[in-house]
Amino acid sequence: MKRIAIEEAFVTRSVMAEWHRLHQSGVMEDGFRLMANTILADTPGNAPLHARLLDVGPGRLAQMDRDGIDMAVLSLTSPGVQVFNADLATTLAAEANDELAAAVRAQPQRLAGLAAVAPQDPERAAREIERARRSLGLVGVIINSHTQGEYLDLDKFQPLLTTAEYEDMPIYLHPREPGPGLLDPYKDYGLYFATWGFAVETSLHAMRLIMSGTFDRFPKLKVILGHMGEGIPFWLQRIDNRYQLQVRIGAVKKLKRLPSEYFLENFVITTAGVTSGPALRLALDVLGADRVMFAADFPYEDAAEAVRFLNEADMDDATRAKLFQHNATALFGLAG
Ligand code: MN
């Protein structure tokens, strides 16, 4: 059995430099300011984290060896290019994808990659997805939740979703801090961060996709959620129940299917950042063994601990092999 980890972060020097330039300009989204002041800041405390993010070469592979990870599916770390203007973001995404593709070509047995795109320009994002698939050999798309307060259910993003569906490129809907319409109450106590705000933001995004009927328009679109599904598996019965009430009283439009049916058909989830036995058991109960996949969330999390957790989790070996390997190889079309 191979262990394939699928929410593994990297950053390019140019994206890092442009984050700093944006931060120094003083004109940016409030949410990005919080991130740039803390985890993205160029401080001695962050130096080891940033060094690990920048390394997609021998250091990364040596760390994967130590952690027991055979293959990492890399993606440009949050918030990626989504905080920049459309032209800069589009250029930086293409550069990042070229660098990622080069790293993958150098180590095709150990690395695969998800393409960064700039949803700020949906048409060019669509062409970048096509290029990433056909020319670069990347196997999916990473989108860090909202783009300047906008969510992918909006009509303007249809070119991006059309191409992702057509090219069979799953979209990893990755967290970032809550969007501008949500952010104020999350500014206190560090709640904007991965303690809570990330899951609120990302689950909201997923729920907007479901409740807008996006999957009626794009029935083959695949979305990946990390962090054991960002809480949605826990709520699924209640979501259906209250959606049906809203339909009965005429408060929402009836979708072709129940919310849970889209979740169980169009979504897969990963273990990224979660080492809770009860959370894993709930995810497996709700989604089944074919829709839960291993991820470590390196370098933000301890990948060795993530491996140990799933190695020791109470399940049969066939289930464990699905989570560590077979679900990922099937979803991304990876060899072996
Ligand atoms: Mn992550």
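Residues numbered from 1 in each chain as written. Predicted model: local features only at pLDDT ≥ 70, side-chain atom pairs only at ≥ 80, totals over all residues. Heavy atoms only, no water.

1. Looking at the sheet that holds strand β1 (residues 4-10)
Then step 1. Ordered in space as β1-β2-β3-β4-β5-β6-β7-β8, the eight strands form an open sheet in which the pairing is parallel. The open sheet has two free edges, formed respectively by β1 and β8 (292-293), since each of these has just one partner strand.
Then step 2. In terms of strand pairing, strand β3 (residues 111-116) meets strand β4 (residues 140-144) through three bridges, oriented parallel. Bridge pairing links Ala 116 to Ile 142 in β4. (Pairing = 2+ DSSP bridges. Helix = DSSP H or I, 4+ residues; strand = E, 2+ residues; numbered from the N terminus.)

2. Description of the pattern of salt bridges
Then step 1. Enumeration over the complete set of coordinates arrives at 17 salt bridges.
Then step 2. Measuring nitrogen to oxygen at the nearest pair gives 2.5 Å for the salt bridge that ties Arg 124 to Asp 121.
Then step 3. Notably, a salt bridge pairs Asp 153 with Arg 208, separated by 2.9 Å at the nearest N-O pair. Residue Asp 153 is located in the loop between β4 and α7 (158-166), and its partner Arg 208 is located in helix α8 (residues 197-211); the two are separated by 55 residues in the primary sequence.
Then step 4. Since its relative accessible area comes to 11%, Asp 153 is described here as buried. (Salt bridge = Lys/Arg side-chain N within 4 Å of Asp/Glu carboxyl O. Buried < 20%, exposed > 50% of the residue type's maximum accessible area, 1.4 Å probe, protein only.)

3. Notes on the coordination of the manganese ion
Then step 1. With distances of 1.9 to 2.2 Å, the protein atoms coordinating the manganese ion are Glu 7 (OE), His 174 (NE2) and Asp 297 (OD).
Then step 2. Along the chain, the residues donating to the manganese ion fall in the pattern E-x166-H-x122-D. Of this pair, Glu 7 sits in strand β1 while Asp 297 sits in the loop between β8 and α13 (303-312), placing them 290 residues apart in sequence. Taken as a pair, Glu 7 and Asp 297 share a single burial class, namely buried. (Donors = N, O, S within 2.8 Å, 3.2 Å for Na, K, Ca; no water.)

4. Details of unusual backbone geometry
Then step 1. In this model, Ser 78 is joined to Pro 79 through a cis peptide bond whose omega is 0°.
Then step 2. Residue position: Pro 79 is located in the loop between β2 (71-76) and α5 (86-106).
Then step 3. For the bond from Phe 298 to Pro 299, the omega torsion is 5°, close enough to zero to count as cis.
Then step 4. Mapped onto the secondary structure, Pro 299 falls in the loop between β8 and α13.
Then step 5. Within the chain, Met 228 stands out as a residue other than glycine whose phi angle is a positive 60°.
Then step 6. Of note, Met 228 is situated in the loop between β6 (223-225) and α10 (232-248).
Then step 7. Here Met 228 falls in the buried class, since its relative accessible area comes to 7%.
Then step 8. Here the phi dihedral of Asp 297 falls at roughly 70°; this positive angle occurs in a residue that is not glycine.

5. Quick notes on the packing of helix α1 (residues 13-25) against helix α2 (residues 30-37)
Then step 1. For the pair α1 and α2, interaxial distance at closest approach is 10 Å and the crossing angle is 115°. The orientation of α1 relative to α2 falls into the category roughly perpendicular. With respect to the hand of their crossing, α1 and α2 are arranged in left-handed fashion. Residue-level contacts link Trp 19, Leu 22 and His 23 of α1 to Phe 32, Arg 33, Ala 36 and Asn 37 of α2.
Then step 2. Split by residue class, the contact of α1 with α2 holds four nonpolar, two polar and one charged. (Axes fitted to C-alpha atoms, helices over the stretch in contact; angles between N-to-C directions. Parallel < 35°, antiparallel > 145°, perpendicular 65-115°, else oblique. Left-handed = near helix turned anticlockwise from the far one by under 90°. Contact = heavy atoms within 4.5 Å. Nonpolar A, V, L, I, M, F, W, Y, C, P; charged D, E, K, R; others polar.)

6. Some remarks on helix α12 (residues 277-287)
Then step 1. Of all the positions in α12, only Leu 280, Ala 283, Leu 284 and Leu 287 are classed as buried. In a view along the axis of α12, the buried residues occupy a sector of 95°, so they form one face of it. Across α12 from its buried face, at more than 90 degrees, point the exposed residues Pro 278, Arg 281 and Asp 285.
Then step 2. Close packing links the buried residues of α12 with α10, α11 (259-266), β7 (267-270), β8, α13 and α14 (317-332). (Arc of directions from axis to C-beta.)

7. Thoughts on the packing of α10 against α11
Then step 1. In contact at an axis separation of 8 Å, α10 and α11 are set at 145° when each is read in the N-to-C sense. Of the residues in α11, those touching α10 at Ile 232, Pro 233, Leu 236, Ile 239, Asp 240 and Tyr 243 are Pro 259, Ser 260, Phe 263 and Leu 264.

8. Some remarks on the packing of aromatic side chains
Then step 1. Per the stated rule, a full pass over the model turns up seven aromatic pairs.
Then step 2. Measuring from centroid to centroid gives 5.2 Å for Phe 234 and Trp 235, while their planes differ by 80°, and the two rings are edge-to-face.
Then step 3. According to the relative accessible area criterion, Trp 235 is partly exposed, its value standing at 47%.
Then step 4. Chaining the aromatic ring pairs together yields one cluster made of Phe 215, Tyr 262, Phe 263 and Phe 267.
Then step 5. Directly above the aromatic system of Phe 324 lies the positively charged group of Arg 3, at a separation of 5.3 Å from the ring centroid. (Phe/Tyr/Trp six-rings, centres within 6.5 Å; stacked < 30°, edge-to-face > 60°. Lys NZ or Arg CZ within 6 Å of the ring centre and 35° of its normal.)

9. So, the confidence of the model for the protein
Then step 1. In the predicted model, the protein carries a mean pLDDT of 97, and the fraction of residues at 70 or more is 100%.
Then step 2. Ranking the elements of the protein by mean pLDDT puts α2 last, at 96, and β6 first, at 99. (pLDDT = per-residue confidence, 0-100.)

10. Digging into the environment of Lys 187
Then step 1. In this fold, Lys 187 is placed in the loop between β5 (171-174) and α8.
Then step 2. In this structure, Lys 187 is in contact with Asp 30, Leu 34 and Tyr 192, ignoring residues within four places of it in sequence.
Then step 3. At 3.0 Å, the side chain of Lys 187 forms a polar contact with the side chain of Asp 30.
Then step 4. A distance of 3.0 Å separates a polar atom in the side chain of Lys 187 from a polar atom in the side chain of Asp 184. (Polar contact = N/O pair within 3.5 Å; in protein donor to acceptor, adjacent residues only side chain to side chain.)

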